[in-house]
Amino acid sequence: MANAWFHHLLLVFVTSCNWVYQADAYEIEFVDYSSTLPRIHGHTVIRTVLENAEKKFELMKTLNISKCFDDVDSKDKVEEIHWWHDPRRPHPEDSIETGNHHMDIFASPRKAKEIQTLLKRSNLTAVTLIDDVHRLFKRGMPKKRRRSNRMTWTNYQSAATINRFLDLVAKKVPHATTEVIGKTAEGRELKVLKLNTNNAAKAFWIDGGIHAREWISPAVVTFIIKEFVSNYSRHKTVIDSYQWYFLPLMNPDGYEYSRTKDRMWRKTRSPSLRKGGCVGVDANRNWNHKWMVVGASQDTCSEVYAGPYPESEKCVVAVRDYVLKRLKPRKDVQLVAFYTFHSYYQGWMSPWGWTSATPQRHDE
Ligand SMILES: [Zn+2]
């Protein structure tokens, strides 16, 4: 019986293979990106490698750079030099074996020359990691597709297209359903795709796009969905082991704003409660857990503005309620993983964010 059921399931998945590529037509909007990009030209990212932490701190002192590119408010004038990766945090390329430290510096053409000379004089390497940041941004902007206008992963898609993709998966793939778990400040739907092939006792949550400008994040989450539903037999063991919950776009308002108005937009788009305050909250500083304890600001214009109070943001409330009130009380399934995709680096961050101490059951 179980065998017959499995064959039926397999057949359904096999016949639904590649449906993504034959799916209904989607429009892909062309965005005039020129006004959405930060006003930079010819800026590069230079990487240097230091032997140890002391040398790193020494160089930090010498360079005396005050801001990270990530913290630059969209309204700020982009200065000539920024940290590309915050040197106070571990760099993903740092090696435990050799104990070396990497530093990535964003610099204008003029400053880049100065840095290179300085590094050379100190016998340090200076590799150009990105030779033109502006050109790289331009390359990543949504493109008009000439022949095909379907959901693809060679282009960054709009929030509307992503949500239509989720609905299409739910329509065409057995055991997949969608649910709107809430709405954003601008009224966009927060859509979760659920995939439950095996009534597994464990649930797995994956969300993306909490930070608007990190476009690769929703693209990766939708790619995982596509891979799961069009290559079921290849991923059967992992798919069957969990009940899956995907929220590719946690901050669709910010995402759309970053596509159409300001490429560097990071926060939500909720209006400020303070008179004359800036729009938006960093949703990833808005959770009601150690709110405002570390790496957060009460300046409404800051890129890490934590909001007027914890969980002021509709998307944060929607996820909190769904996870704590709907998923957690269930007796048939236990939520065992909660993943959030960010960019840019290939790093793995595990709790906690506010202390270097590890939580109970960290080893699991
Ligand atoms: Zn992020």
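Residues numbered from 1 in each chain as written. Predicted model: local features only at pLDDT ≥ 70, side-chain atom pairs only at ≥ 80, totals over all residues. Heavy atoms only, no water.

If you check an unreviewed UniProt entry, the protein appears there as Peptidase M14 domain-containing protein from Notodromas monacha. Turning to the protein, the UniProt record has this under Cofactor (unreviewed entry): "Zn(2+)". (UniProt positions renumbered as here; feature names shortened; annotations may be inferred.)

This part is about the overall build of the protein. For the protein, the count of helices and strands is nine helices and nine strands. Excluding contacts between residues fewer than 6 apart, the proportion of contacts in the protein whose partners are at least 24 apart in sequence is 71%. (Helix = DSSP H or I, 4+ residues; strand = E, 2+ residues; numbered from the N terminus. Contact = heavy atoms within 4.5 Å.)

Remark: helix 2 (residues 53-63) packs on helix 3 (residues 109-121), axes separated minimally by 13 Å, with the N-to-C direction vectors making an angle of 140°. Of the possible angle classes, the one that applies to helix 2 and helix 3 is oblique. Judged by the twist between their axes, the crossing of helix 2 over helix 3 is right-handed. In contact with Leu59, Thr62 and Leu63 of helix 2, helix 3 contributes Ile115, Leu118 and Leu119. (Axes fitted to C-alpha atoms, helices over the stretch in contact; angles between N-to-C directions. Parallel < 35°, antiparallel > 145°, perpendicular 65-115°, else oblique. Left-handed = near helix turned anticlockwise from the far one by under 90°.)

Attention now goes to the coordination of the zinc ion. When a metal carries six donors in an octahedron, the ideal angles between them are 90 or 180 degrees, while four donors in a tetrahedron ideally lie at 109.5 degrees. Around the zinc ion, the protein supplies His211 (ND1), Glu214 (OE), Glu214 (OE) and His342 (ND1) as donor atoms, at distances of 2.0 to 2.3 Å. One can describe the site at the zinc ion as irregular: its four donor atoms subtend angles covering 58 to 153° at the metal. What makes histidine 211 buried here is its relative accessible area of 3%. (Donors = N, O, S within 2.8 Å, 3.2 Å for Na, K, Ca; no water. Tetrahedral: all angles 85-135°; square planar, octahedral: opposite > 155°, others 65-115°. Buried < 20%, exposed > 50% of the residue type's maximum accessible area, 1.4 Å probe, protein only.)

All right, on to the pattern of salt bridges then. Counted according to the given criterion, the structure contains 23 salt bridges. Glutamate 256 serves as the salt-bridge partner of arginine 259, at 3.5 Å between the closest nitrogen and oxygen. Of the two residues, arginine 259 and glutamate 256 both sit in helix 8 (residues 252-260), three residues apart, roughly one turn of that helix. Both residues of the pair, arginine 259 and glutamate 256, count as buried. Its salt-bridge partner being aspartate 321, residue arginine 320 comes within 2.9 Å of it at the nearest N-O pair. Residue aspartate 321 is classed as partly exposed on the basis of its relative accessible area of 21%. (Salt bridge = Lys/Arg side-chain N within 4 Å of Asp/Glu carboxyl O.)

It is worth spelling out the nonpolar core at this point. Nonpolar side chains tend to gather and get buried jointly when the protein is soluble and globular. In terms of nonpolar packing, the biggest core is built from 21 residues, with Val169, Leu195, Ile206, Ile225, Phe228, Trp244 and Phe246 touching the most fellow members. Elements with a minimum of two residues in this core: helix 5 (159-172), strand 6 (189-195), strand 7 (202-208), helix 6 (216-230), helix 7 (232-240) and strand 8 (243-247). Per-element tally for this core: the top contributor is helix 6, with five residues. With near-sequence residues (within four places) excluded, isoleucine 225 lies in contact with Phe165, Leu166, Val169, Leu193, Phe246 and Pro248. (Core = buried A, V, L, I, M, F, W, Y, C linked by side-chain atoms within 4.5 Å.)

Here we come to the packing of aromatic side chains. The tally for this structure, following the rule as stated, stands at 20 aromatic pairs. Centre to centre, the rings of tryptophan 84 and phenylalanine 106 are 5.8 Å apart; their planes meet at 15°, and the pair counts as stacked. Here tryptophan 84 is found in the loop between strand 2 (81-83) and strand 3 (101-107), whereas its partner phenylalanine 106 is found in strand 3, with 22 residues between them in sequence. Pairwise contacts between aromatic rings join Phe204, Phe228, Tyr242, Trp244, Phe246, Tyr339 and Trp348 into one cluster. One residue, lysine 226, lies across the ring of tryptophan 153, its end atom 5.5 Å from the ring centre. Positioned over the ring face of tryptophan 215 is arginine 263, at 3.6 Å from the centre of the ring. (Phe/Tyr/Trp six-rings, centres within 6.5 Å; stacked < 30°, edge-to-face > 60°. Lys NZ or Arg CZ within 6 Å of the ring centre and 35° of its normal.)

Packing of helix 6 against helix 7 leaves a shortest axis separation of 7 Å and a crossing angle of 110°. It follows that helix 6 is roughly perpendicular to helix 7 by the angle criterion. Contact residues: helix 6 offers Glu227, Phe228 and Ser230, while helix 7 offers Tyr232, Arg234, His235, Val238 and Ile239. Its residues placed into classes, the contact of helix 6 with helix 7 shows four nonpolar, two polar and two charged. (Nonpolar A, V, L, I, M, F, W, Y, C, P; charged D, E, K, R; others polar.)

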